Structure formats: structure tokens, C-alpha cells
Amino acid sequence: ETEILYADPEGFEEAVGVAVQQLNGGEVVALPTETVYGLGANALDENAVAKVFEAKERPSFDPLIIHIARKEQIYEVCELTPELEVVVQQLMEAFWPGPFTMVLPKKDIIPDIVTSGQPTVAVRMSGHPVMHAICKELGKPIAAPSANRFGRISPTSAIAVEKELGGRIPLIIDGGACNSGLESTIVRVELGEKRPELHLLRAGPVVKEDLQKIGKVIRPKKPRNIEEAPGQLESHYAPATPLYIFEKPEDFVPDPELSYGLLSYRGAEKDGYINLYDWDVVEELSPGKGKLPEAAVRLFFALRQLDESGVDAIVAETVAETAIGVAINDRLRRASAKTRGQ
Ligand code: TXA
Ligand code: MG
């Protein structure tokens, strides 16, 4: 059975201690971060990392992110030339701790199972106090992908983790709801000719405008195969219920036999999809205000609510393609890929 420990102020130290003990013993533990919950294992312990893949049913070709507690730890896990080190330091200074992940050449200490045999490793330093404390006390990097079964919606609460992985893992540390709500931004860092090149592998809370202050942001072309860009699977974040997105509201033609749920951006006060149809269920991301960060925080929670509501299909409204709206639309597009047959 899966135990849940609360890392509230009273239980903080005990929860951290138990988590570290489990990790040291080669077990997996679900941990809170500011983005989504992760399923953590000691990154230097191949057998523990194998359990992460098993619990998530994640294919072995999809590499994991490792989490560190101190900036200096980057030198233990990454092989950096002096030129690259300068850029990496600027990026750490700007975005760590926080929802930002760098893909860099790895050191031999990182087992191949973590990186799926790639010569690079994805590294991040979380700003969540619970994750930070556990990582610091363990003293080793923690490999932690999102704590969902492969291809499904990422969990932003301990309850959501339990629904995804309950019975498969021994322990969940409950650190409350995630306050960023979307997975970290991932960039592959390269030197480039004039400016550093930041290849944006996954859009996230650190947005293009932030990254441009440090380097040239490059959006990789569609990968030719999985080895080329393991993290860019088209279908991902998918609810069990079919999910549709449309170019414009008029493109939605309901099937009278079916019941529909709506994922609305601004809710009832604004135009869009809400007044178009008598929806069975509506989830609003940022009612009235239409604030993109608020919408990002609520996105996965709202998708789960709709998925569990029993409707036959979900229609999702996309948002403005600016700032974190890029990441929201990216997740919605991937969540609907299966429905589109991709
Ligand atoms: O916010 C987050 O990043 C969360 C929390 C738990 O830290 N973690 C997370 O991990 O989203 P995961 O495994 O669900 O997504 C990591 C992505 C995957 O799509 C993986 O393919 C990609 O990062 N990735 C990992 N290592 C890579 C590498 N060496 N090169 C390219 N992509 C990599
Ligand atoms: Mg994931």
C-alpha cells in the first residue's frame, strides 16, 4: 500500500527524514516540486531508477531529469568546458532554483538508464522547500520524472499522484498543491558562434522572453526519430476521455448522442466556447480575468476534473500564444493528439 506523509510545518522534518531513508534504501518516493509532483529515486542507483520506469510504465528510451540541491553539484554530474561553464552559470543565476531544466553533456557517474544512453543529462534545481530539503539531505542527485503513468496528465497534488501510482509505490510526500502547475522549461545549451544557443525542447514557466536575455532561443524542428528528441512525443498529457481542440469555436459540431465537457479559459463572462453550447460540465481556467499564469496552475487539475466527470468528450479552448500561453497550448495540443489519431 502507498503511504502519504504530510510535509506541513509540523510534519516537515519527519517527512524529509523518511523520504531520505527510503531513497537511500533504493526505493522510489513521490515528491512535490513547484511544477508538478515527481517520482524520485537516487539517480546514482540503477536499480532504484529502474523502479521509476516500472511504476510509470515509461519506455526505457525516454530519459529522466535529475534534481540537485546546490549549484556546485552541476560539476559532479555535467562535463563542462570553460566556455560552456560561463553560459551555464548565467542560466543558473537567472533561473535557479526554479522551473528550468538544462540539457548538458553528462559525466560517467550518471548511469545510462537515467539518460536512456544519451551522452547528455537533463538537470534542474527545484525551488520547492520540501524537494530542496530532501535533495540536500540525500546529498546525491534525484532522478524524478513527473509522477504520472506514461503519457497521462501530470499530477499537481498528492491526491492526483495517488490516483496515478497508488499501490505501485511505497510513499508519497504531500507538499500541497504545485504553484506553477506546468512542467519545467527544458533547453539544450550549446555555445553557438556569437551568442549561446538555447534549444527549446519543452516550453514551460520560464518563457522565451526570459531566455532571450541570455541566448538565442532556437525551436528545434520536428524530430525525425525518438532518439533525436526523446522528450518530444506528440501524444502526451492525455486524459482517458477524447479531447478536441479547434481552430475557431464555429468548427465545433456536437454529436447529439454525446455529452461534452468544456475546458474554458475565461469562463462565463466572456465569449469563446462557453455560450456556444449547453455543456454538461465546464471547468474554468481563469474566470473573467484571463490571466495566463493562473490558467497554467489550474490546467492539469481542470483536465483531471473533466476526465473524471464522466462526459463522452472534452472540448478545450486554446489561449493566446504568448508567454506561458505557449506552454499551455503545447500541452493541450499533445493532450488531443491521440484523439486526432497522432
Ligand atoms: O517540472 C519538471 O520538469 C518535472 C518535475 C518533477 O521536475 N519533471 C518532468 O520530468 O517533467 P519528465 O520525465 O516527465 O519530463 C522530462 C522530459 C522528458 O520528456 C524527457 O524526454 C526529457 O525531459 N529529457 C530528459 N533527459 C533528456 C536529454 N538528455 N535530452 C533530451 N531530453 C531529455
Ligand atoms: Mg512527464
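Shown above is the structure to which this text applies.
A brief structural summary.

Each value, and the rule that gives it
- Residues numbered from 1 in each chain as written.
- Chains lettered and ligands numbered in written order.
- Predicted model: local features only at pLDDT ≥ 70, side-chain atom pairs only at ≥ 80, totals over all residues.
- Heavy atoms only, no water.
- Helix = DSSP H or I, 4+ residues; strand = E, 2+ residues; numbered from the N terminus.
- Buried < 20%, exposed > 50% of the residue type's maximum accessible area, 1.4 Å probe, protein only.
- Contact = heavy atoms within 4.5 Å.
- Areas by Shrake-Rupley, 256 points an atom, 1.4 Å probe, with all protein chains shown as cover.
- Lys, Arg positive; Asp, Glu negative; His and termini not counted.
- Charge placed at Lys NZ, Arg CZ, Asp CG, Glu CD.
- Salt bridge = Lys/Arg side-chain N within 4 Å of Asp/Glu carboxyl O.
- Polar contact = N/O pair within 3.5 Å; in protein donor to acceptor, adjacent residues only side chain to side chain.
- Axes fitted to C-alpha atoms, helices over the stretch in contact; angles between N-to-C directions.
- Parallel < 35°, antiparallel > 145°, perpendicular 65-115°, else oblique.
- Left-handed = near helix turned anticlockwise from the far one by under 90°.
- Nonpolar A, V, L, I, M, F, W, Y, C, P; charged D, E, K, R; others polar.
- Phe/Tyr/Trp six-rings, centres within 6.5 Å; stacked < 30°, edge-to-face > 60°.

### Some words on the overall build of the chain
On a plain count of helices and strands, the chain comes out with 10 helices and 15 strands. Here the chain, with 342 residues, has 54% of them falling under the buried criterion. Contacts spanning at least 24 positions in sequence make up 66% of the contacts within the chain whose residues lie at least 6 apart. Of the accessible surface of the chain, which amounts to about 15100 Å², a share of 49% is contributed by carbon and sulfur atoms. The positive charge centre, built from 37 side chains, and the negative charge centre, built from 52, are 6 Å apart in the chain.

### Some thoughts on the side chain of Glu-317
If you trace the backbone, Glu-317 turns up in the loop between strand S15 (313–316) and helix H10 (325–335). Despite being buried, Glu-317 has no salt bridge partner; Arg-266 is the closest side chain of opposite charge, sitting 6.3 Å away. Reaching out from Glu-317, the side chain makes a polar contact with the backbone nitrogen of Tyr-265 at a distance of 3.3 Å.

### Overview of the packing of helix H1 (residues 12–24) against helix H6 (residues 129–138)
Contact geometry for H1 and H6: axes closest at 9 Å, N-to-C directions at 50°. Comparing the axis directions of H1 and H6 gives the class oblique. Every pair of crossing elements has a handedness; the one defined by H1 and H6 is right-handed. In this structure, H1 uses Phe-12, Val-16, Gly-17, Ala-19, Val-20, Leu-23 and Asn-24 to contact H6, whose residues at the interface are Pro-129, Val-130, Ala-133, Ile-134, Glu-137 and Leu-138. Partitioned by chemical class, the residues of the contact of H1 with H6 number 10 nonpolar, two polar and one charged.

### Observations regarding the packing of aromatic side chains
Per the stated rule, a full pass over the model turns up nine aromatic pairs. Here the aromatic rings of Tyr-237 and Phe-300 are separated by 5.7 Å at their centres, their planes lie at 15°, and the arrangement is stacked. In this pair, Tyr-237 is assigned in the loop between strand S11 (216–218) and strand S12 (243–245) and Phe-300 in helix H9 (residues 292–308), connecting sequence segments 63 residues apart. By relative accessible area, Tyr-237 is classed as buried at 4%. Accessibility expressed as a relative area gives 0% for Phe-300, which makes it buried. Judged by centre distance (5.1 Å) and plane angle (20°), the rings of Phe-252 and Trp-279 are stacked. Pair noted here: Phe-252 is in the loop between S12 and strand S13 (260–264) and Trp-279 is in the loop between S13 and strand S14 (281–284), with a separation of 27 residues, a long-range link. Take Phe-252: its relative accessible area is 8%, and that puts it in the buried class. An aromatic cluster of three or more residues is present, and its members are Tyr-244, Phe-246, Phe-252, Tyr-260, Tyr-277 and Trp-279.

No statement about biological role is implied by the geometric values presented.
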